[in-house]
Each structure stands twice: as structure tokens, then as C-alpha cells.
Amino acid sequence: MVVEEVRYDFAEYPKYADDFVRDLLKLMIISKLNSTARNTTKDYFLKLVSQVEGCEANLVKYGQPLLYVKYRGVEFTDQKVASQFARTGQVIDVTMESIFGEFVKTFDKLASMSQSKVSWGIADKPDRMFALLDLFVDAVNKLTTLDKSSPNSLEGKKFGIRNASIIRKSMHVEFLIDGQLNIAELNPWKKKINSANLLFGNSEAAKAIVALMKQ
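In short, a report on the structure. Note that this is a predicted model, so its numbers are computed, not measured.

## Here's the deal with the packing of helix 1 (residues 15-32) against helix 4 (residues 128-144)
Packed helices, taken two at a time, are described by their axes: the angle between them and the distance between them.
Link 1 in the chain: As a packed pair, helix 1 and helix 4 sit with axes 9 Å apart at the nearest point and diverge in direction by 130°. By the criterion of interaxial angle, the relationship of helix 1 to helix 4 is oblique. Note on packing geometry: the crossing formed by helix 1 with helix 4 is right-handed. Across the interface between the two elements, D18, V21, R22, L25, K26 and I29 from helix 1 touch L133, D134, F136, V137, D138, V140 and N141 from helix 4.
Link 2 in the chain: Per-class residue counts for the contact of helix 1 with helix 4 are 7 nonpolar, 1 polar and 5 charged.

Written out as C-alpha cells, the structure reads:
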């Protein structure tokens, strides 16, 4: 297993720290996006992928065919690379690990290069899933800036995306907070108050993420 830790210090350019966290979270989600290769789930996955710049579907045959993404030439699966970050003030520590050393370097390059920032929802009428994902990203970022004395705070805590699976026309986002698993369900076809739900996890921060998305 290859593990790399990279520190990004925005002390001299504090206004860019939020942008970096948001872009990193988008990349983490895209790198874990997947669905079965069957029926309506496949069709919806392909629709979403077509609305991400530099992204296309990638068919992977494990026990059953699964769809992942090829993003800017990089073929991702849930086994290729895992990443987490922790933010303290304007300092962001990113940890990447993989059994493939080149994927650690590639992920770091995608995260740090401005021309590789994830641009999604690129359509005349973008799918509402991207609006929900933006709310998720914004909520996580906001909680990383909340004083750690608050039970809702993510300051200094390790945050990672373990999986982002499409199930019919919804998404299950599995995310880790200091190693503890939480699962949020995003439903773009429901009213805002019901469009995000916490399916699993009891941390106050996870509950706060979903609550912020519903505001």
C-alpha cells in the first residue's frame, strides 16, 4: 500500500482555502461514482456523467458489470485510490493511499492543478443531482470552518468519501468522519425538505451536513 500525505497551506491566500476544499470534495465524489450496468440506473448514471466536464463512463467487470468513471483520462474504481482530508484553519492535510503508486501521484496532480478542477452540471438544464451535490459540498466546507468547540464542527477531523453509488435516480454517498461511516441519500426528484436524508450514522457533524442541505 502506497500512502502519501500532502499539506496545502493557504495562510497567505485564505480566500482560496474554501475553493480548494470544494474542488477536492468534488474530485473525491467523482472518483467514487458508480452504478450497476443495468436498466434505469445505468441510464441515469450515463446522464450524470455526460454533464461532468472531461468525464465518461467506464465499464468494469467484477462479479457483475459495474460502471465507474474515466475522468480526464484516469480510470477510477473504488479500489484504485482512497483519500481523506483534515482542515485546521487555512491548512488542509490530504492523505491518499492506493495499492497502485501511480494513482496516488495522479490523484494528487488532479487535486492540485487548477485546470483539473471538477466542473459538473454542464448542460442547459443540468440534472438537479448536481445542485444537491453542491449543497453537500458547501455544507461540509462550512463545517470545516466551524470552531471545534461545536459538536457539529469538522475542523481538524478527517473527512473522506468511501462510495457514491447511483441507485435508480438517487445517490447514496458514503462518507467517513474520523473513520466512522455515515451514509446520506440524495433524491433530486423529491421536495427540498426530503431531498437529503441520513440513512446511517449518528455523529452530530453528519446530522448537521444534512440539516444544512435542507435549509
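Okay, back to it.
## What about the environment of N34?
Link 1 in the chain: Positionally, N34 belongs in strand 2 (residues 33-36).
Link 2 in the chain: Sequence separation between N34 and M171 is 137 residues, and the spatial gap between their C-alpha atoms is 9.5 Å.
Link 3 in the chain: The residues touching N34, leaving out its near neighbours within four places in the chain, are F45, L67, Y68, N163, A164, S165 and I166.
Link 4 in the chain: A polar atom in the side chain of N34 sits 2.6 Å from the side chain of N163.

## Details of the pattern of salt bridges
Close approach of charged atoms lets side chains of opposite charge pair.
Link 1 in the chain: In this structure the tally under the stated criterion is 8 salt bridges.
Link 2 in the chain: Between D93 and R7 there is a salt bridge; the shortest N-O distance is 2.7 Å. Pair noted here: D93 is in strand 7 (residues 91-98) and R7 is in strand 1 (residues 2-9), with a separation of 86 residues, a long-range link.
Link 3 in the chain: A relative accessible area of 28% places D93 in the partly exposed class.
Link 4 in the chain: Among the salt bridges present, the one from R22 reaches D138, with a minimum N-O distance of 3.1 Å. Taken together, the residues span a long stretch of sequence, with R22 in helix 1 and D138 in helix 4 at a distance of 116 residues.
Link 5 in the chain: Exposure remark for D138: the relative accessible area of 35% places this residue in the partly exposed category.
Link 6 in the chain: Through salt bridges with shared partners, one network takes in D19, R22 and D138.

Each value, and the rule that gives it
- Residues numbered from 1 in each chain as written.
- Predicted model: local features only at pLDDT ≥ 70, side-chain atom pairs only at ≥ 80, totals over all residues.
- Heavy atoms only, no water.
- Axes fitted to C-alpha atoms, helices over the stretch in contact; angles between N-to-C directions.
- Helix = DSSP H or I, 4+ residues; strand = E, 2+ residues; numbered from the N terminus.
- Parallel < 35°, antiparallel > 145°, perpendicular 65-115°, else oblique.
- Left-handed = near helix turned anticlockwise from the far one by under 90°.
- Contact = heavy atoms within 4.5 Å.
- Nonpolar A, V, L, I, M, F, W, Y, C, P; charged D, E, K, R; others polar.
- Polar contact = N/O pair within 3.5 Å; in protein donor to acceptor, adjacent residues only side chain to side chain.
- Salt bridge = Lys/Arg side-chain N within 4 Å of Asp/Glu carboxyl O.
- Buried < 20%, exposed > 50% of the residue type's maximum accessible area, 1.4 Å probe, protein only.

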